Amino acid sequence: MTTTEYSAAVPPEVELNNQRLGQFLGKETILVCKISASPQAVSVWKKGVRRIEKQSNGNVNANYRPEIYEENDYRVTLYLRIRVITSIDFGNYTCEASNGLGSSSATMELY
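Within every chain, residues take consecutive numbers counted from 1 along the sequence as written. Thresholds applied to this predicted model are a pLDDT of at least 70 for local features of residues and 80 or more for the giving and counting of side-chain atom pairs; totals over whole chains, interfaces and linings are not thresholded and use all residues. Side-chain measures were taken over the full set of non-hydrogen atoms in the model, leaving aside hydrogen atoms and water.

Pairs of strands are assigned from DSSP output, requiring at least two bridges between the strands. Numbering goes from the N terminus for both helices and strands, where a helix is a DSSP run of H or I of at least four residues and a strand is a run of E of at least two. Alignment of strand β2 (residues 20–21) against strand β9 (residues 102–110), held across 2 bridges, turns out to be parallel. Residue L21 lies in a different strand from β9, and its bridge partner there is L110. Both strand β8 (residues 91–99) and β9 contribute to a ladder of 9 bridges, which runs antiparallel. Along β9, the bridge assignment pairs S98 with S103. The hairpin turn running from β8 into β9, its antiparallel successor, is 2 residues long.

To continue, consider the pattern of salt bridges. Any carboxyl oxygen of Asp or Glu within 4 Å of a side-chain nitrogen of Lys or Arg constitutes a salt bridge here. Here the structure, examined in full by the defined rule, presents 8 salt bridges. The shortest N-O distance in the salt bridge between E28 and R81 comes to 3.4 Å. With a gap of 53 residues between them, E28 in the loop between β2 and β3 (29–38) and R81 in strand β7 (residues 75–82) connect regions that are remote in the sequence. For the exposure calls, accessible area comes from a 1.4 Å probe over protein chains only, and a residue counts as buried if that area is under 20% of its type's maximum, exposed if over 50%, partly exposed in between. Residue E28 is classed as partly exposed on the basis of its relative accessible area of 40%. A salt bridge links E67 to R81; the nearest nitrogen and oxygen atoms lie 3.7 Å apart.

In summary, the pairing rule links any two rings of Phe, Tyr or Trp, Trp by its six-membered ring, whose centres are within 6.5 Å, and it sorts them by plane angle into stacked for under 30 degrees, edge-to-face for over 60 and tilted for everything else. Counted by the stated rule, this structure contains 0 aromatic pairs. One Lys or Arg, R20, reaches over the ring of Y111 and ends 4.3 Å from the middle of that ring. Remark: a charge is flagged as sitting over a ring if the NZ atom of Lys or the CZ atom of Arg is within 6 Å of the ring centre and within 35 degrees of the ring normal.

Turning our attention to the sheet that holds β3. Taking strand neighbours across the sheet as the criterion, the 4 strands line up as β1-β3-β7-β6 in an open arrangement whose pairing is antiparallel. In this open sheet, the two edge strands, each paired with only one partner strand, are β1 (10–16) and β6 (64–70). Adjacent strand axes in the sheet meet at a mean angle of 20 degrees when their direction is disregarded. The sheet contact formed by β6 and β7 spans 7 bridges and is antiparallel. Each residue of the ladder has a partner; that of E67, found in β7, is Y79. In this analysis an axis means a line fitted to C-alpha atoms, helices contributing only their contacting stretch, and an angle means the value between N-to-C directions, from 0 to 180 degrees.

Cysteine sulfur atoms are paired as a disulfide whenever they fall within 2.5 Å. Overall, the coordinates contain 1 disulfide when judged by the stated rule. Here C33 engages in a disulfide with C95; their sulfurs sit 2.0 Å apart. Taking the sign of the torsion about the S-S bond as the criterion, the disulfide between C33 and C95, at about -80 degrees, is left-handed. With C33 in strand β3 and C95 in strand β8, the pair connects residues that are 62 residues apart, well separated along the chain. With respect to class, C33 is no different from C95; both count as buried.

The next subject is the environment of S43. Summarising the element assignment, S43 is placed in strand β4 (residues 42–47). For the pair S43 and S104, spaced 61 residues apart in sequence, the C-alpha separation works out to 9.6 Å. At a separation of 3.5 Å, a polar atom in the side chain of S43 contacts the main-chain carbonyl oxygen of A41. Pairing of N or O atoms within 3.5 Å defines a polar contact, subject to two protein rules: one partner must be a possible hydrogen donor and the other a possible acceptor, and residues neighboring in sequence count only if both atoms are side-chain atoms.

As C-alpha cells, this is what we get:
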C-alpha cells in the first residue's frame, strides 16, 4: 500500500510545494497545494480571510483561476493560477481542507 492509499477514513493532510515563492510583477504564477483525505475534503485557497473560488456561474476574479485535479479517490492537487501578478497579489495564501474527521491548512507567502 502506498502512502496515498487509505483503507480507513482519515482527516485531511495539506502539503505545499513552497513555503515562500518569489515572482516578478506582470508575470503569471501557479500556487500548488496537495491534499490527502478520506473521504475527500472540501478544499479552498484563501488570501487573508477572503476565499478564492469559482462562483456558481463559474466566474471568479479574472486574475485568479482556482483549479482542482483529482489524482485518485484520496488525493487531490489544488492549483491557484494568478494570471498577472500585481502588487496587491503579494502576501500570504492559505490552502484549507476539511472533511467530517477534521481540517488542515498550510500558508505560503507570495513575494
